[in-house]
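Letter by letter, the chains look like this.
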Amino acid sequence: MKYDIKYEMVIYWSEEDDAYVVEVPELHGCMEDGRTYKEAINNILTVVRKWIETANELSKEVPTPKDRLIYA
């Protein structure tokens, strides 16, 4: 099953892990890392899909992606 991933992602470099870390705040506990920026993004997309599949299998609520608030 393919998902159109529209969740906010927070990406940062971790000196401790020597890797890029990506967190998806709207999906509790959903995070992944990668040696490169691109690898980290690819990895988190896989984890998000699995997170959603698992939530659906367990009949848990999957949060709707929130719109980003922009202030002028």
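As a starting point, this report considers the structure included with it. (Residues numbered from 1 in each chain as written. Predicted model: local features only at pLDDT ≥ 70, side-chain atom pairs only at ≥ 80, totals over all residues. Heavy atoms only, no water.)

**Thoughts on the pattern of salt bridges**
Close approach of charged atoms lets side chains of opposite charge pair.
So, step 1. Counted by the stated rule, this structure contains one salt bridge.
So, step 2. In this structure, glutamate 39 engages arginine 35 in a salt bridge whose closest nitrogen and oxygen atoms are separated by 3.3 Å.
So, step 3. Overall, the relative accessible area of 66% leaves arginine 35 in the exposed class. (Salt bridge = Lys/Arg side-chain N within 4 Å of Asp/Glu carboxyl O. Buried < 20%, exposed > 50% of the residue type's maximum accessible area, 1.4 Å probe, protein only.)

**So, the side chain of serine 14**
So, step 1. The residue serine 14 is located in strand β1 (residues 10-14) in this model.
So, step 2. Among the polar contacts listed, one links the side chain of serine 14 to the side chain of aspartate 17, at a separation of 3.1 Å.
So, step 3. Aside from chain neighbours lying at most four places away, what touches serine 14 is Ala19 and Val21. (Helix = DSSP H or I, 4+ residues; strand = E, 2+ residues; numbered from the N terminus. Polar contact = N/O pair within 3.5 Å; in protein donor to acceptor, adjacent residues only side chain to side chain. Contact = heavy atoms within 4.5 Å.)

**Here's the deal with a negative patch on the surface**
So, step 1. On the surface, Glu15, Glu16, Asp17, Asp18 and Asp33 cluster together into a negatively charged patch.
So, step 2. With respect to the secondary-structure elements, aspartate 18 resides in the loop between β1 and β2 (19-23).
So, step 3. Under the relative-accessibility criterion, aspartate 18 is labelled exposed at 52%. (Patch = residues over 30% accessible without salt bridge, like charges linked within 9 Å, V, L, I, M, F, W, Y side chains within 5 Å. Areas by Shrake-Rupley, 256 points an atom, 1.4 Å probe, with all protein chains shown as cover. Lys, Arg positive; Asp, Glu negative; His and termini not counted. Charge placed at Lys NZ, Arg CZ, Asp CG, Glu CD.)

**Quick notes on helix α1 (residues 37-57)**
So, step 1. Helix length check: α1 (21 residues) gives 30 Å between terminal C-alpha atoms against 30 Å at 1.5 Å per residue, within 8%.
So, step 2. Along α1, the residues classified as buried are Ala40, Ile44, Val48, Ile52 and Ala55. For α1, the arc enclosing every buried residue in end-on projection is 105°, short of the 170-degree limit, so these residues lie on one face. Summarising the geometry of α1, the exposed residues directed more than 90 degrees from the buried face are Lys38, Thr46 and Glu57.
So, step 3. Just beyond α1, the residue with positive phi is serine 59, at close to 55°. (Expected span 1.5 Å × (residues − 1). Arc of directions from axis to C-beta.)

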